[in-house]
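Architecture at a glance
Listed here are the chains, written in short residue letters.
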Amino acid sequence: MGIIEKIKEIEAEMARTQKNKATEYHLGQLKAKIAKLRTQLLEPPKGSSGAGEGFEVTKFGHGRVALIGFPSVGKSTLLTLLTGTHSEAASYEFTTLTCIPGIIHYNDTKIQLLDLPGIIEGASEGKGRGRQVIAVSKSSDIVLMVLDASKSEGHRQILTKELEAVGLRLNKRPPQIYFKKKKTGGISFNSTLPLTHVDEKLCYQILHEYKIHNAEVLFREDATVDDLIDVIEGNRKYMKCVYVYNKIDVIGIDDVDKLARQPNSVVISCNLKLNLDRLLARMWEEMGLVRVYTKPQGQQPDFTEPVVLSVVCYISF
Ligand SMILES: Nc1nc2c(ncn2[C@@H]2O[C@H](COP(=O)(O)OP(=O)(O)OP(=O)(O)O)[C@@H](O)[C@H]2O)c(=O)[nH]1
Ligand SMILES: [K+]
Ligand SMILES: [Mg+2]
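Residues numbered from 1 in each chain as written. Chains lettered and ligands numbered in written order. Predicted model: local features only at pLDDT ≥ 70, side-chain atom pairs only at ≥ 80, totals over all residues. Heavy atoms only, no water.

Attention shifts here to the coordination of the potassium ion (ligand 2). Those donors, Ser-72 (OG), Ala-90 (O), Tyr-92 (O) and Thr-95 (OG1), are the protein atoms that reach the potassium ion (ligand 2), and they lie 2.6 to 2.8 Å from it. Of note, the donors binding the potassium ion (ligand 2) are all from one chain and are spaced S-x17-A-x1-Y-x2-T. A distance of 5.0 Å spans the gap from the potassium ion (ligand 2) to the magnesium ion (ligand 3). In this structure Ala-90 comes out as partly exposed when scored by relative accessible area, which is 33%. (Donors = N, O, S within 2.8 Å, 3.2 Å for Na, K, Ca; no water. Buried < 20%, exposed > 50% of the residue type's maximum accessible area, 1.4 Å probe, protein only.)

How two aromatic rings sit relative to each other is set out by the distance from centre to centre and by the angle between their planes. In total, this model carries 2 aromatic pairs according to the counting rule given. Arranged with centres 5.8 Å apart and planes meeting at 55°, the rings of Tyr-106 and Trp-284 form a pair that is tilted. Separated by 178 residues along the polypeptide, Tyr-106 in strand β2 (residues 100–106) and Trp-284 in helix α9 (residues 276–287) bring together distant segments of the chain. For Trp-284, a relative accessible area of 11% gives the class buried. Positioned above the aromatic ring of Tyr-243, the side-chain terminus of Arg-156 is 3.5 Å from the ring centre. Across from the ring centre of Tyr-25, 4.0 Å away, lies the NZ or CZ of Lys-201, which sits over that ring. (Phe/Tyr/Trp six-rings, centres within 6.5 Å; stacked < 30°, edge-to-face > 60°. Helix = DSSP H or I, 4+ residues; strand = E, 2+ residues; numbered from the N terminus. Lys NZ or Arg CZ within 6 Å of the ring centre and 35° of its normal.)

Moving on, we come to the nonpolar core. Leu-78, Leu-144 and Met-283 are the most contacted members of the largest nonpolar core, which has 55 residues in total. Not counting residues within four places of it along the chain, the set of residues in contact with Leu-78 comprises Leu-67, Val-146, Ile-268, Cys-270, Leu-276 and Leu-279. With 23 residues, the next largest nonpolar core counts Tyr-25, Ala-32, Phe-179 and Tyr-210 among its residues. (Core = buried A, V, L, I, M, F, W, Y, C linked by side-chain atoms within 4.5 Å. Contact = heavy atoms within 4.5 Å.)

Before going further, it helps to examine the pattern of salt bridges. Summed over the entire model, instances satisfying the criterion amount to 17 salt bridges. Note that Glu-164 is salt-bridged to Lys-172, the shortest N-O span being 3.0 Å. Residue class for Glu-164 comes out partly exposed when judged on its relative accessible area of 27%. Several salt bridges converge on common partners, so that one network encompasses Lys-240, Arg-282, Glu-285 and Glu-286. (Salt bridge = Lys/Arg side-chain N within 4 Å of Asp/Glu carboxyl O.)

A sheet is described by the order of its strands in space; here 3 strands give the open sequence β6-β8-β7, paired in mixed fashion. The sheet is open, and its two edges are formed by β6 (177–181) and β7 (187–191), each paired on a single side. Each adjacent strand pair in this sheet contributes to an overall mean axis angle of 5°, direction not counted. As paired strands, β7 and strand β8 (residues 215–219) are joined by 5 bridges and run parallel to one another. Looking at the pairing, Asn-190 lines up with Leu-218 of β8. Sheet contacts for helix α6 (residues 200–209): β6, β7 and β8; angle to β7, the most-contacted strand, approximately 135°. Contacting β6 and β8, helix α7 (residues 225–233) runs over the sheet at an angle of about 40° to β6. (Pairing = 2+ DSSP bridges. Axes fitted to C-alpha atoms, helices over the stretch in contact; angles between N-to-C directions.)

For the rest of this paragraph, the subject is the environment of Asp-199. Structurally, Asp-199 is set in the loop between β7 and α6. Judged by relative accessible area, Asp-199 falls into the partly exposed class, the value being 27%. The sequence separation of Asp-199 and Phe-189 amounts to 10 residues, and the corresponding C-alpha distance is 9.0 Å. Ignoring sequence-local partners within four residues, the contact set of Asp-199 consists of Tyr-25 and Phe-189. Within polar-contact distance, the side chain of Asp-199 engages the backbone nitrogen of Leu-202 at 2.9 Å. (Polar contact = N/O pair within 3.5 Å; in protein donor to acceptor, adjacent residues only side chain to side chain.)

Turning to the site of ligand 1, a few remarks are in order. Taken together, 23 residues sit near ligand 1, with Lys-75, Ser-76, Thr-77, Thr-95 and Thr-96 positioned nearest. Asn-246 places a polar side-chain atom, nitrogen or oxygen, 3.1 Å from an oxygen atom of ligand 1. Between ligand 1 and Asn-271, the relevant distance is 3.0 Å, taken from an oxygen atom to a main-chain nitrogen or oxygen of the residue. The fraction of the free accessible surface of ligand 1 (660 Å²) that becomes covered by protein chains is 87%. (Near = heavy atom within 4 Å. Areas by Shrake-Rupley, 256 points an atom, 1.4 Å probe, with all protein chains shown as cover.)

Tallying each qualifying case throughout the model produces 1 cavity of 30 Å³ or more. In this structure, the largest cavity spans a volume of roughly 40 Å³. Looking at the largest cavity, the residues that line it are Leu-147, Asp-148, Ala-149, Lys-151, Ser-152, Glu-153, Arg-156 and Tyr-245. For the lining of the largest cavity, the class distribution of residues is 3 nonpolar, 1 polar and 4 charged. (1 Å grid on protein atoms, 1.4 Å probe; cavity = no way out; pocket = protein on both sides within 12 Å on 5 of 7 lines; lining within 4 Å. Points joined across faces, edges and corners; volume = space filled by probe spheres on them. Nonpolar A, V, L, I, M, F, W, Y, C, P; charged D, E, K, R; others polar.)

Shown next as structure tokens:
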């Protein structure tokens, strides 16, 4: 049985299992099993050199932003508008087949914007160019998830699920769980506050699934079993994501208003060049870039080439 079939089988078992106190440990164990299989799935095939043909783009500028979305939502149109680099746009799906970089000049900085092929449900399991697209997204600083404002609201959830399946965590901070593997001494389990999702037994069981028998675990927040698995896996990437609803020219004003109120969202129209400045401002904000203008002694400050620092950080307590 292949890895994907194994994942499907466990997911089916989880769906069949009623959620209650008695099944909580078993469900936790199944979650850990799935997480382990997904990690296996992410390992590049033997003999391959990472990203894949057409996806090896050198990093450039002060930050990197990836355009992720279903086919034909307007990613290439947006890249061409924002960077001036032409990326073929057309009304048929999968127009873009590789990674096309462009540069945004904003606030005296250069941001590399990456146009990518559309991804579909099942991308995390390797459907379409999903794996390559996701690998490139992981290499960027933030993600712009481009959505078609006239299509199902469910697309946002489907894509988020695909990205989560490969270890991306959007607009979340790392769980406040201290975890350290040890050589001896067994498991020490502690928390700084009362826990409502995970108890010692469940934690032991998850660690056992990972064949970890010596470790220190300290919960500093009321985290879930999924959080614990994320911390044990250790390969999660926490990224900012801005949801970009394009094509608002084809929907009614009430719907535009509703979408604009969603968290972390910007509504735009490439066709009418609507709200693109707002999108850039939001992107910039989320990247957390700071410009420092240097002033050589006895001379005027250099206002053309700032030193650019990234201050995105997740405060840990
Ligand atoms: N009405 C409307 N159509 C748009 C807008 N932006 C792009 N389109 C159209 O949507 C279609 C798809 O645009 P693309 O830029 O090729 O979309 P894509 O996401 O790059 O597509 P793939 O590369 O196939 O994944 C084209 O026919 C565009 O002209 C917009 O703001 N409004
Ligand atoms: K297209
Ligand atoms: Mg395209």
